[in-house]
Amino acid sequence: MKAPIILAVDTADLETAQRWVSATEESVSVYKLGLEFFLTFGQAGIRAIQSETDADIFLDLKLHDIPHTVAGAARAIAQLKPRFLTVHASGGREMVQAAVAALPETAVTAVTILTSLSEEDLFEIGYANPALESAVALAKMSVLAGAKAIVCSPLEISAIRSSVGELPLIITPGVRPLSEMGSDDQKRTMTPKDAISAGASFVVIGRPITKAWSEGSDAMKAKARSIAAEILN
């Protein structure tokens, strides 16, 4: 049974990406194709992945520009009909609205605060508030602008869910299967099951599944199945 997993297809080899999809499609609901993949393979690469599976595509381009430019970029990929397209919430209300208007059939997904940024980074950039407060504010603004999904870290799920209500989807990276949690990891990350319990709709998982490919297709399939069972049971 498919679980609310978004698999991060982080590879520069199209054939490998297709094989990852084939190995995991019974357990994975959505496939995340990022900027590097898109710039390497273009729309043809996205279609090649779509031809392998009936699962949805999360097109992770993180658009961030003036509203007119973002609208044009969104329209340029409209024929791909991805389920999700990411934009940076920090681009502002009008930019998010422009993307939403350009892609009415896609869930425009607003990225709040990148998980790679520390509190010190945020203040250096010029944010007035800590990550949690900033992420909640960005999420609220984006939902009001029409975004149907939000990306945030596991530590922000509960606060954002309380702020935006039950309807918008919440997608979180930064999760780690229970089998890979060390004694210190509890403070920095969250298991996929705990993230879903906290209010996330989907969890983004990459290496915990894809590294099993080194042992073959069956090993990767088993790993995806195991993590899916951990979430669903």
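Just so it is clear, the model here is predicted, and its values are computed rather than measured. (Residues numbered from 1 in each chain as written. Predicted model: local features only at pLDDT ≥ 70, side-chain atom pairs only at ≥ 80, totals over all residues. Heavy atoms only, no water.)

**Remarks on helix 2 (residues 35-50)**
Line of reasoning, step 1. Look at helix 2: only 17 Å from first C-alpha to last across 16 residues, short of the 22 Å you get at 1.5 Å a residue.
Line of reasoning, step 2. Along helix 2, the helix axis deviates most sharply at Phe-41, where the bend reaches about 105°.
Line of reasoning, step 3. Here helix 2 has its buried residues at Phe-37, Phe-38, Gly-42, Gln-43, Gly-45, Ile-46, Ala-48 and Ile-49.
Line of reasoning, step 4. Of the surrounding secondary structure, the elements contacted by the buried residues of helix 2 are helix 1 (14-24), strand 2 (28-34), strand 3 (56-63) and helix 3 (67-76). (Helix = DSSP H or I, 4+ residues; strand = E, 2+ residues; numbered from the N terminus. Expected span 1.5 Å × (residues − 1). Bend = angle between axes of the 7 residues up to and from the residue. Buried < 20%, exposed > 50% of the residue type's maximum accessible area, 1.4 Å probe, protein only. Contact = heavy atoms within 4.5 Å.)

**What about the sheet that holds strand 4 (residues 84-88)?**
Line of reasoning, step 1. Spatial strand order, 1-2-3-4-5-6-7-8: eight strands in a closed barrel with parallel pairing. Strand-to-strand twist of the sheet, defined as the mean angle between neighbouring strand axes without regard to direction, takes the value 25°.
Line of reasoning, step 2. Across the sheet, helix 10 (residues 217-232) touches strand 1 (3-8) and strand 8 (202-205), and the angle it forms with strand 1 is around 140°. (Pairing = 2+ DSSP bridges. Axes fitted to C-alpha atoms, helices over the stretch in contact; angles between N-to-C directions.)

**Let's talk about the pairing of strand 1**
Line of reasoning, step 1. Across the six residues that make up strand 1, a large majority, six, are buried.
Line of reasoning, step 2. Neither face of strand 1 is open: one carries Ala-3, Ile-5 and Leu-7, the other Pro-4, Ile-6 and Ala-8, and all of them are buried.
Line of reasoning, step 3. Direction of pairing for strand 1 relative to strand 2: parallel, over a ladder of four bridges. Looking at the pairing, Ala-3 lines up with Val-28 of strand 2.
Line of reasoning, step 4. Between strand 1 and its parallel partner strand 2, the chain crosses via helix 1, and the hand of that crossover is right-handed.
Line of reasoning, step 5. One ladder, built from three bridges, connects strand 1 with strand 8; its direction is parallel. Looking at the pairing, Ile-6 lines up with Val-204 of strand 8. (Right-handed = clockwise from strand over helix to strand, strands pointing away.)

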